[in-house]
Each structure stands twice: as structure tokens, then as C-alpha cells.
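Residue-level listing of the chains:
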Amino acid sequence: MLGLTFLISIGLVYFWSFLSFCGGVETAQKPNVLFIVIDDLRPALGCFDDRILTPNIDQLAEKSVKFTQAYVQQAVCAPSRISFLTSRRPDTTKLYNFRYYWRTFAGNYTTLPQHFKQNGYFTASVGKIFHPGKASGKNDDYPYSWSIPAYHPPTQLNKTSKVCENPDGTLHENLLCPVDVAKMPEKSLPDIQSTDHAIGILKNISSNTVKEPFFLAVGYHKPHVPFKYPKDFKQLYPLSSIWMPSNNFFPPGLPTVAWVPYDDMRKREDVASWNVSYPFGPIPLNYQRMIRQNYFASTTYIDYEVGRLLSALDDAGLADNTIITFKGDHGWQLGEHEDWAKFSIFNEATRVPLFFHIPGVTTKKQKKRGETFKFINTLKDTKLKEKHLKRLNDLTAPKKSSISADLTTDAFVELVDLFPTLAELAGLQVPPTCPSNPFKTMLCTEGTSLVPLINQTVYGKKDSKIIQWKNATFSQYPRPSDYPCSLTDLSPYENITIMGYSMQTTKYRYTEWIGFDTNDFSKDWNKVHARELYMMDSDKEENYNVANKESNKDLIIELSGKLKDGWRSSLPILINNNRFVV
């Protein structure tokens, strides 16, 4: 599909100019989009921590703008995904669990892929993009969002099968589940099948003489529990080399409403056999190391699959015309605060990796196929494995990033910013900011385009359009009670009585757990169940809640007011009415 020919204008906007290499007439084509989502992925990647082996993702990060302070709006799959795919926050989607379809429950909102589809794109979903089931209308929002029905790998139907082998040879439904893929149903695993299917789509697109731009969304299930992955990846993380977080203790002063009893893990047969006391545990130290070992191994497995996908994009001759965005749908606590879950407002649960790769902008275009993303086989590259294992064994070496900081920004961003950013990068209409009553507005955003930040980061100087960037991020999580119970992870609406609202700023993480009524979705700011305040300068790990200190009384009043004002009061201030234009 032909469009306009654009020029890249420093300090103004990114446009796409695609020249034929034979010196012929210039042609212009809308950029494709490859939208990669990883389930439960915190920033546990080599590009954030060189103890984790993720060379393929690191290769993408090296050629992308990397956001180190990216946050989700609710740390659980369905609410987070619906939030960033509609660019609306949970209080607008009215989705806090898996039980409702936003189009009929809240409003008929236009989604990110739907916007691209309506503008002439072929859109396809592979793996876990929308959360399947009621939260996406029981059809992954097809045909609104997708040109063809969404693909789910058939082996995902075996997710609760007893295929995890214990030392005695018996099979169980375990949390820790490295497997022999050849012995699995269909001799495969869901994420392997998703990669294969996505590669098939790319090959078909490449061979098609009618070049329609595409929006291809690929969602990987791991490292979501259970940790079912090819067992060879476990060898990359010897148990003796697994380190523990410095704050694997229950924080003094932590209100019980803020803590999660990790029920999603406890129902696995191996965890049940550990006899962990309810609700606080703790899990025995050796098992803690095993959980971390398997999470890291699962992450390296996903890196392998992402590497296969990226190299296939390149081999198909599509890398030079495809924007790639990579992100986690939320994080996961790996023993920090003695917790092993998402379902919270802590940094480990709400902070995610986020990259934007823009051909010709974040990296030079290549004239030959296969030069942008070369597949790195972590299982067969002997030198790479030796270097990695040596690094793991050096327990005294501090963690460090494995990529350059040239295209890195620590500005605050949120996943609701994805929709307007991709729309602007692709030259589509950028959704306007949602009105205060957004429920009847089909196309709008409760985020903001990150193009000004991308521009500023790439060209190495402050963008003149940015008067002030976003100064806070906002997340939330519901609770049924002040004390952890079996409904704490995912509460039915009729049990939700408390909502935690949290704000991250440069200096503070501030949270209020307040009364909440799901009958009319009303907030009772006068009924405060608990407060949390963490000083980011001296307590980045959020270990010491100082909200009740008398000396912080005035600060609490100030932060409480800012939290109540919400995200609208913290939007960036840009020239020309918050829009980044020529």
C-alpha cells in the first residue's frame, strides 16, 4: 500500500523514506509493526543485568530506544493487556480481573490493532496478546482487532497436564517443570508453536506480490508460571550460582493489604509438598533459589524463541521496514519482600522492559537480508555459554547492563503510551487525550505519544517541543480485605472492597489503599485503610515504609493530593497542545 513520502526531520518527527537501491524512483510505504509481548517479564534481561543470558533480546535492545522506567497500570495479565491495547487505565476499562469484556461492560473502545486495521493494515494475533476468554469477548476481540482469527498454540491446551517429572520418575503438575520436548504432546511447547506460526505468516507476507502493511502481534507465555520449558536451558543456571535479592525479607512497616500470598504458585503439586505456612511463608531458601533458577532459564528459553522470530523477519526481507516494540505485560516478584507473585504495586511487579526499534532511526538500514538480526543459539554457542557461566560464578561482581546507554532514557513512561506512540510512528491519526468522562468516546488515549522522547534520545539533545515531561506514573490493584486471603490474587468484583492507588515519582513511591465500591466504581478517599511511602533516594528497594512517621506528615498531605489529582495532572507539557507535529 502506497502512502506519502516523508523526510526525517531532526527535532520534529520521524518519517519513513524507502528508496530503491538501484537509484530508481523513490517509493514510500507505511511501516510494518511487530508487536512482541512477554508474559510476567520483569527487567531480568542481559541488557539490564548481565547475569541473565538473553543475547537475542539484547541485540534488539542495542538497536532500539530502551526505556528503563516503564510501568504498567495493573500487575496482572488481562487488566494490563486490555489497558495498553485500548490505551485506557483500569478504572476506564473497568477490568480488574478476567471476568468482563470491556466493549459491553465499559465502552466500545477502539484498540491499537483495530486502529491499524481501520487504516489499511493486515493485523494478526499469535499466542497471548489479549487475554483469552471473557476479558476479550471469548474470541480475542476478533473481528474488531484482527483481520483473521487469533492463533493460540494447540499445546497450550495441555498447560495443566501432569508432564513434570519428579526425581522418582513420577509425573506431576509442578511449578518447576523443565521437560524433554520430544516427550511432550505434539513434541512441542506453546511458545515454540507460536514462533513457528508467526514465521509462517512472515514467509507468506514476504512472498505476496501485493504488499499490504502488517501489524503482527506475537505473545509468549513464559516465564509465566508454571516454568515449563526445554530442560537444556536449566543447565545455563547452576543452582550454586543463583543469587538472592538483598531484600528477601518481610519489610518492617509493610501493611498487610499490600502483600500477596502467591496462591497461583501454592496450587502446584511441588510447592504444596514444601509445606509453606499460609499466608506469609517463608519458602525455604533452597526452594527460593530453585524458583529463581527456573524463572531465569524460562527467560533464556524465550530469548531463543524471540531470536528465531527476529531472524525470520530479517530473512524475509522485512526488517528494514518494520517497527518493533518489545515489552513485558507486567513484572514478577522473585523473592523481594519474601513474595513470589505479581498482583501488587511494588516496583518488581509494575516495572517492565520496553524497547522501540525503528529502522533507519535507531539503526542503519541494511542492503542485505540477515544483517540486522542474526540468530544467536544460546544452547550451541560454546564461547557464549562459557562466558556466561564464568560471569555467574563470579558472585562478587556487581550486576551491570550489557548494552550501551546511547539510546537509553530513564524518563517515566507507561504502557498506556504504546498506542499513541505506534500510531504516530506509523503516520496514523494519533488518538486525542480522553475526556474526563471517556466511556462513550471510542478513540482516545489516557497515555501520551513517546515520539518526543524517542526523538530526544536518538539525537542526543533536549527536544525543543518538550516543555516538561511526565513527572509520575500511576498503577493500581484491588483487594478484598486488609489481611491476605485466598482471594487476594484475583478477587471477584463482589469481593473487592479496597483499591490501592500508587504513584511513582523521581523521589517517592506513594500508595493509598482506600475504600472502593464495585457497584458504582466509586472511590472513598476518606476511608484510607493504609498508606505506603518509600524514599527512592535512600530506599530504592521499597523496604521501609515511612508513611506513618510524624516528620512526613506534611509530605503525605502533598503526595496524597497529587495522587488524587491522578494521571491527568502529570501529563507532559508539549508545544502545540500536547501533540508532536511538523
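First, a word on what this report is: a plain description of the structure on this page. (Residues numbered from 1 in each chain as written. Predicted model: local features only at pLDDT ≥ 70, side-chain atom pairs only at ≥ 80, totals over all residues. Heavy atoms only, no water.)

### Re the pairing of strand β7 (residues 214-220)
The buried fraction of β7 amounts to 7 of the 7 residues, a majority that puts the element mostly inside the structure. Across the two faces of β7 the burial is the same, with Phe 214, Leu 216, Val 218 and Tyr 220 and Phe 215, Ala 217 and Gly 219 all buried. Pairing of strand β1 (residues 32-38) with β7 involves 6 bridges; the strand directions are parallel. Residue Phe 35 lies in a different strand from β7, and its bridge partner there is Ala 217. Relative to β7, strand β3 (residues 122-127) is paired through 6 bridges, and the arrangement is parallel. Across the sheet, residue Ala 124 finds its bridge partner in β7, namely Leu 216. (Buried < 20%, exposed > 50% of the residue type's maximum accessible area, 1.4 Å probe, protein only. Helix = DSSP H or I, 4+ residues; strand = E, 2+ residues; numbered from the N terminus. Pairing = 2+ DSSP bridges.)

### Details of the pairing of strand β2 (residues 65-71)
Burial analysis of β2 places 6 of its 7 residues in the buried class, which makes it a mostly covered element. Relative to strand β10 (residues 351-357), β2 runs antiparallel, the two sharing 5 bridges. Bridging from a neighbouring strand, Tyr 71 pairs with Arg 351 of β10. Here β2 pairs with strand β12 (residues 413-414) via 2 bridges, running parallel. Paired with Ala 70 across the two strands is Val 413, which belongs to β12.

### Digging into the nonpolar core
Core analysis: the biggest nonpolar cluster contains 90 residues, and Ile 291 and Phe 326 have the highest contact counts within it. Top element by residues in this core is helix α9 (residues 285-315). It accounts for 12 residues. Setting aside anything within four residues of it in sequence, one finds Ile 291 in contact with Leu 175, Leu 176, Phe 227, Met 265, Trp 274, Ile 283, Trp 332, Leu 334 and Trp 340. Formed by 72 residues, the second largest nonpolar core is a distinct cluster that contains Leu 418, Ala 423, Ile 496 and Trp 567. (Core = buried A, V, L, I, M, F, W, Y, C linked by side-chain atoms within 4.5 Å. Contact = heavy atoms within 4.5 Å.)

### With respect to the side chain of Lys 63
For Lys 63, the position within the fold is in the loop between α1 (55-62) and β2. Comment: no salt bridge for buried Lys 63; closest opposite-charge side chain is Asp 314, at 6.7 Å. When sequence neighbours within four positions are dropped, the list of residues in contact with Lys 63 reads His 357, Thr 362, Thr 363, Glu 371, Thr 372 and Phe 373. (Lys, Arg positive; Asp, Glu negative; His and termini not counted. Salt bridge = Lys/Arg side-chain N within 4 Å of Asp/Glu carboxyl O.)

### Some points on the packing of helix α6 (residues 190-207) against α9
In the contact formed by α6 and α9, the axes pass within 9 Å of each other and the chain directions differ by 5 degrees. One way to sum up the angle between α6 and α9 is to call them roughly parallel. Counted together, Asp 191, Ile 192, Thr 195, Asp 196, Ala 198, Ile 199 and Leu 202 of α6 and Tyr 301, Ile 302, Glu 305, Arg 308, Leu 309, Ala 312 and Leu 313 of α9 form the full contact between these two elements. A class-by-class count of the residues in the contact of α6 with α9 yields 9 nonpolar, 1 polar and 4 charged. (Axes fitted to C-alpha atoms, helices over the stretch in contact; angles between N-to-C directions. Parallel < 35°, antiparallel > 145°, perpendicular 65-115°, else oblique. Nonpolar A, V, L, I, M, F, W, Y, C, P; charged D, E, K, R; others polar.)

### Some details on the layout of surface pockets
Each pocket or cavity is described by its volume, and for the largest pocket that value is around 1,000 Å³. If you go around the largest pocket, you meet 36 residues; those closest to its centre are Asn 347, Glu 348, Arg 351, Lys 399 and Lys 540. Listing elements by their share of the lining of the largest pocket, those giving two or more residues are β2, α9 and α10 (347-350). Per-element tally for the lining of the largest pocket: the top contributor is β2, with 4 residues. (1 Å grid on protein atoms, 1.4 Å probe; cavity = no way out; pocket = protein on both sides within 12 Å on 5 of 7 lines; lining within 4 Å. Points joined across faces, edges and corners; volume = space filled by probe spheres on them.)

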